[in-house]
Amino acid sequence: MLNPALGIISRYRDRLPVTDKTPVVTLGEGATPLIRADRLAEYAGLPADSVYLKFEGSNPTGSFKDRGMAVAVSKALEEGARGVLCASTGNTAASAAAYAARAGLRCMVFLPKGGVALGKLAQALMHGAKIKEVKGSFDKALIAAFAEAKKSGFVAVNSSNPYRIEGQKTAAFEISEVLGRMPDYQFMPVGNAGNITAYWKGYRELKGSKPKMMGFQAAGAAPIVLGNPIPNPRTVASAIRIGNPYSWQAALRARDESNGVIAAVTDREILNAWRLLARLEGVFCEPSSAAGVAGLLKSGKKGHLSGKIVCILTGHGLKDPDTPLKIFKS
Ligand SMILES: *Cc1c(COP(=O)(O)O)cnc(C)c1O
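Everything quoted here is computed from the prediction, not taken from an experiment.

(A) View of the pairing of strand β4 (residues 106–112). Counting buried positions over the seven residues of β4 gives six, a clear majority of the element. Across five bridges, strand β3 (residues 83–87) lies against β4 in parallel orientation. Residue Gly83 lies in a different strand from β4, and its bridge partner there is Arg106. Running through helix α4 (residues 91–103), the crossover from β3 to the neighbouring parallel element β4 is right-handed. Strand direction decides the pairing type here: β4 and strand β5 (residues 130–134), joined by five bridges, are parallel. Of the residues in β5, the one forming a bridge with Val109 is Ile131. Regarding topology, helix α5 (residues 118–126) serves as the crossover connection from β4 to the parallel β5, and that connection is right-handed.

(B) Broad picture of the site of the ligand. Lining the immediate surroundings of the ligand are 17 residues, of which Lys65, Asn91, Asn192, Asn195 and Thr314 lie closest. Between the ligand and the protein, one listed contact pairs an oxygen atom with a backbone N or O atom of Gly194 at 3.2 Å. Residue Asn195 places a main-chain N or O atom 2.8 Å away from an oxygen atom belonging to the ligand. In isolation the ligand exposes 380 Å². Once the protein is present, 97% of that is buried. Residues that form the shell around the ligand fall into these classes: six nonpolar, nine polar and two charged.

(C) Molecular detail of unusual backbone geometry. You will see that Ala31, though not glycine, has its phi angle at about 50 degrees, which is positive. Positionally, Ala31 belongs in the loop between α1 (8–11) and β1 (34–36). A relative accessible area of 37% means that Ala31 is categorised as partly exposed. Phi at Asn259 takes a positive value of approximately 55 degrees, unusual for a residue other than glycine. Mapping Asn259 onto the fold places it in the loop between α11 (248–257) and β9 (261–265).

(D) Representation of the sheet that holds β3 within the structure. An order of β5-β4-β3-β6 is seen for the four strands of this open sheet, with the pairing classed as parallel. What marks the edges here is a single partner per strand, and that holds for β5 and β6 (155–156). Strand contacts of α4: β3 and β4, with the helix running at about 170 degrees to β4, the strand carrying the most contacts.

(E) Up close: the pairing of strand β8 (residues 212–218). For β8, a buried count of six out of seven residues is recorded, marking the element as mostly surrounded by other parts of the structure. Where strand β7 (residues 185–189) and β8 come together, five bridges link them in parallel fashion. Note on β8: the bridge partner recorded for Met188 is Gly215. Considered for its hand, the β-α-β crossover made up of β7, helix α9 (residues 194–204) and β8 is right-handed. Bridging between β8 and β9 involves five bridges; their strand directions are parallel. Looking at the pairing, Phe216 lines up with Ala263 of β9.

(F) Fine view of the side chain of Ser74. Looking at where Ser74 falls in the secondary structure, it is placed in helix α3 (residues 65–78). Among the polar contacts made by the side chain of Ser74, one reaches the main-chain carbonyl oxygen of Pro23 at a distance of 3.3 Å. Once residues lying within four places of it in the same chain are set aside, the contact partners of Ser74 are Ile9, Thr22, Pro23, Val24, Val25 and Met69.

(G) Main features of the domain arrangement of the protein. Split by domain assignment, the protein resolves into domain 1 (4–63 + 164–329) and domain 2 (65–161). One C-alpha centre belongs to domain 1, the other to domain 2, and the line joining them spans 21 Å. Each partner contributes residues to the interface: domain 1 has 47 residues there, and domain 2 has 38 residues. Of all residues in domain 1, Val25, Arg164 and Lys319 give up the largest surface area on contact with domain 2, accounting jointly for 26% of the area buried on that side. Counting the contacts that link domain 1 with domain 2 gives three salt bridges. Put simply, Lys120 and Glu286 hold a salt bridge, and the shortest N to O gap is 2.8 Å. In this assembly, domain 1 and domain 2 are joined by 23 residue pairs in polar contact (both at pLDDT 80 or more).

(H) Spatial organisation of the packing of aromatic side chains. This structure, assessed with the given rule, holds seven aromatic pairs. Through a chain of ring-to-ring contacts, the aromatic side chains of Tyr185, Phe187 and Phe216 assemble into a single cluster. For Arg15, the ring lying beneath its charged end belongs to Phe173, and the centroid distance is 4.3 Å.

(I) Representation of the packing of α3 against α4 within the structure. For the pair α3 and α4, the least separation of the axes is 9 Å and the interaxial angle reads 40 degrees. With respect to their mutual orientation, α3 and α4 come out oblique. Considering the relative orientation of α3 and α4, their crossing is right-handed. Where α3 abuts α4, its residues Lys65, Asp66, Met69, Ala70, Val73 and Leu77 lie against Asn91, Thr92, Ser95, Ala96, Tyr99, Ala100 and Ala103. Residue composition of the contact of α3 with α4, grouped by class: eight nonpolar, three polar and two charged.

Thresholds, definitions, all that
- Residues numbered from 1 in each chain as written.
- Predicted model: local features only at pLDDT ≥ 70, side-chain atom pairs only at ≥ 80, totals over all residues.
- Heavy atoms only, no water.
- Buried < 20%, exposed > 50% of the residue type's maximum accessible area, 1.4 Å probe, protein only.
- Helix = DSSP H or I, 4+ residues; strand = E, 2+ residues; numbered from the N terminus.
- Pairing = 2+ DSSP bridges.
- Right-handed = clockwise from strand over helix to strand, strands pointing away.
- Near = heavy atom within 4 Å.
- Polar contact = N/O pair within 3.5 Å; in protein donor to acceptor, adjacent residues only side chain to side chain.
- Areas by Shrake-Rupley, 256 points an atom, 1.4 Å probe, with all protein chains shown as cover.
- Nonpolar A, V, L, I, M, F, W, Y, C, P; charged D, E, K, R; others polar.
- Contact = heavy atoms within 4.5 Å.
- Axes fitted to C-alpha atoms, helices over the stretch in contact; angles between N-to-C directions.
- Domains from an automatic or database assignment.
- Buried area = accessible area lost by both parts, 1.4 Å probe.
- Salt bridge = Lys/Arg side-chain N within 4 Å of Asp/Glu carboxyl O.
- Phe/Tyr/Trp six-rings, centres within 6.5 Å; stacked < 30°, edge-to-face > 60°.
- Lys NZ or Arg CZ within 6 Å of the ring centre and 35° of its normal.
- Parallel < 35°, antiparallel > 145°, perpendicular 65-115°, else oblique.
- Left-handed = near helix turned anticlockwise from the far one by under 90°.

Written as structure tokens, this is what we have:
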């Protein structure tokens, strides 16, 4: 196996849309830990050695967005782009800013005003991105970003960019390699729905049985569950505060082809799962990342689950230092 520090393009070159001419922009993303979580399993009423946490907070900028950004920024550089831009609830901006800096490209980020966690904003600033605050939700910021991409010729590196999906699918490869088999279930948060689309693409490219894709939206931002866009999405989980997901249809395909579920969890359930991860397993993720685990705790109690279960923890808890201070002061 190649040195994991080389990043996902070197490790999975044969399964990614790159050639020998593609410059490799990497910060050593991927090869994140798959952590066995027996105490969480016990809490959920499941047997030992059944629940695993894929901790994507260990990526270079602290979220899974780095996998997709490595490929998207490498391709933008190959294609001679002047710069990259994105709309973001924070992590896409942090990742785009870092990879653009590394590639020597300019970067512009469109953020929902007041809706971005402190650490993510600090990252975008630090890496020198030009920040545009947009009044309203992520969905408005995305419209502004697409308009600017048309005008400026900067490449949009939102998950609408197919190279993002390609990069992010590599997490499915890692899970099956480390587990030595396919998981039976995968629990994860769903926001703009690029990541559930990417994992399903990754699993489809592998041989063998496929996991059921179990996606969870926050109850106040659950357009896919409700079947219509939400004009003012509300949840404590800012990374999934999205009312009109770009990959809506692809998420439904992932759900239906895998016999999975897309359901909602309340903020209370998200925060409970978030705290449990920190206290039972020593794993500090973002509130949004805990949405999948909140879904697992609900499903586990109903007694339908069996086999190997993977929960995707999408980002690092240090991204959002304000929420613990606000919520768990004692
Ligand atoms: C981007 C993000 C999500 C949502 O992923 P989508 O691909 O938009 O569904 C969830 N959690 C974190 C921490 C994120 O950064």
